[in-house]
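One letter stands for each residue in the lines below.
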Amino acid sequence: MSSHVEERVPDRDFSQGAAYVKGRFVPLMDAAVPVTDWGFTRSDVVYDVVHVYHGGFFRLPDHLDRFERAMQARHLAPPETRAQMDDILHACVALAGLNDAYVSMMALRGRPRVRGSRRPADCDNHFMAYAAPWIDVIPPEVQARGAHVLISSVPRVPDASVDPTVKNFQWGDLTTGLLEAHGQGFDTAVLCDAEGFLTEGPGFNLFVVKDGRVLTPDRGSLEGITRRSVLEICSDLGIEATIAPIPRALLESADEVFATTTAGGVMPIARVSTGRTTHILGNDRPGPISAALREEYWRRHEAGWHLTPVRRDLAEA
Ligand code: PLP
């Protein structure tokens, strides 16, 4: 059994979630990052989020692959091996006693070993993780009626500046989009890049349906695991799906739009607004292709597609 699991603090209340910090398991609310950690002061951190559905991780190897690629891209090398990280994620869920969970893993730069050093290579990198009860990026009741989204006035940060395929917490542009959207009564925001092509939203990828074809942006976006799942489902169902540039005008004239994320799945969008004009999609309700993909995504979960059962024994060690 992993030594990480044995170092958990006994008799603590993990009912609100369990976290792993510097080799110890602690209740989620006690998990903290030092104020001098570059993961905090410089957002020098990469992360990934996987969900647990009815006792099983969804596509855990794919999330760990993406996380490893992100760590390599940012030269982050915490001491835990991939197998130990895998054990830790299982143990967090098991300790929290969760069947449906939001499970986050992070690699942080840490603090310099040499006082005053400005060199990233001088820092002790570390791994953190936590399991919390299930979270939906867009509340279920909003998903059911179709979300109302604002096209933010702020362009997505250029890919050449912050690589969107390396999952990061540099959310300045996405948070501005949320502030604008909520200030104008919308549920959430979507961002285009400076050239006017659709990218993604705060915590989700985007899809547009036009004349029976499904499209998702080829730029400015994370290579989402849910997006990949939807592309696979489209292929299996014989729905034409393409990764392509999506001009803003297409978003405003789409038949359907939907968002995808680990924290919510396939989430239909019913209105897309510039703030001045609002495009009402279909019947102001989730469109038929969005609804079919959403249903199939969850049906496959029920059938155990890509699910890895949570190893509960890791919490009993
Ligand atoms: N884009 C951003 C910015 C995200 O933060 C996320 C998920 O958190 C996604 C897209 C969706 O990716 P995934 O389906 O892997 O959760």
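Note that the coordinates shown come from a computational prediction; the quantities given were computed from them, not determined experimentally.

*Asks:* So what's going on with the site of the ligand? Residues and values would help.
*Replies:* Around the ligand sit 16 residues, and of these Lys 167, Glu 200, Ile 225, Thr 226 and Thr 262 come closest. Within the side chain of Lys 167, one N or O atom sits 2.5 Å away from an oxygen atom of the ligand. A distance of 2.6 Å is found between a nitrogen atom of the ligand and a side-chain nitrogen or oxygen belonging to Glu 200. Taken by itself the ligand offers 390 Å² of open surface, and the protein chains cover 93% of this. A breakdown of the residues in the shell around the ligand according to their chemical character gives five nonpolar, eight polar and three charged.

*Asks:* Explain the side chain of Asp 86 to me, and be specific about the residues and the numbers.
*Replies:* Along the chain, Asp 86 turns up in helix α4 (residues 82-96). Residue classification places Asp 86 among the buried residues on the basis of a relative accessible area of 18%. Within the structure, Asp 86 has its side chain in polar contact with the side chain of Arg 311 (distance 2.5 Å). Not counting residues up to four positions away in its chain, the partners in contact with Asp 86 are Leu 60, Leu 64 and Arg 311.

*Asks:* Talk me through the pattern of salt bridges; I want residue IDs and the actual numbers.
*Replies:* With the rule as written, the count across this model stands at 21 salt bridges. Notably, a salt bridge pairs Asp 124 with Arg 113, separated by 2.7 Å at the nearest N-O pair. With Asp 124 in the loop between β5 (101-108) and β6 (126-133) and Arg 113 in the loop between β5 and β6, the pair connects residues that are eleven residues apart, well separated along the chain. Residue class for Asp 124 comes out partly exposed when judged on its relative accessible area of 44%. Note that Arg 156 is salt-bridged to Glu 200, the shortest N-O span being 2.7 Å. Placement of Arg 156 in the loop between β7 (147-151) and α6 (172-183) and of Glu 200 in the loop between β8 (188-190) and β9 (205-210) is noted, with a sequence separation of 44 residues between them. With respect to burial, Arg 156 and Glu 200 carry one shared label: buried. Among the ionic contacts, a cluster of salt bridges with common partners joins Arg 59, Asp 62, Arg 228 and Glu 232.

*Asks:* Describe in detail the environment of Tyr 102, supporting the description with residues and values.
*Replies:* Residue placement: Tyr 102 occurs in strand β5. Each C-alpha atom of the pair Tyr 102 and Thr 262 lies 8.4 Å from the other, and the pair is 160 residues apart in sequence. The contacts of Tyr 102, once residues within four sequence positions are left out, are Val 49, Val 50, Tyr 130, Ala 131, Ala 132, Pro 133, Trp 134, Ile 135 and Ala 263.

Analysis parameters
Residues numbered from 1 in each chain as written. Predicted model: local features only at pLDDT ≥ 70, side-chain atom pairs only at ≥ 80, totals over all residues. Heavy atoms only, no water. Near = heavy atom within 4 Å. Polar contact = N/O pair within 3.5 Å; in protein donor to acceptor, adjacent residues only side chain to side chain. Areas by Shrake-Rupley, 256 points an atom, 1.4 Å probe, with all protein chains shown as cover. Nonpolar A, V, L, I, M, F, W, Y, C, P; charged D, E, K, R; others polar. Helix = DSSP H or I, 4+ residues; strand = E, 2+ residues; numbered from the N terminus. Buried < 20%, exposed > 50% of the residue type's maximum accessible area, 1.4 Å probe, protein only. Contact = heavy atoms within 4.5 Å. Salt bridge = Lys/Arg side-chain N within 4 Å of Asp/Glu carboxyl O.

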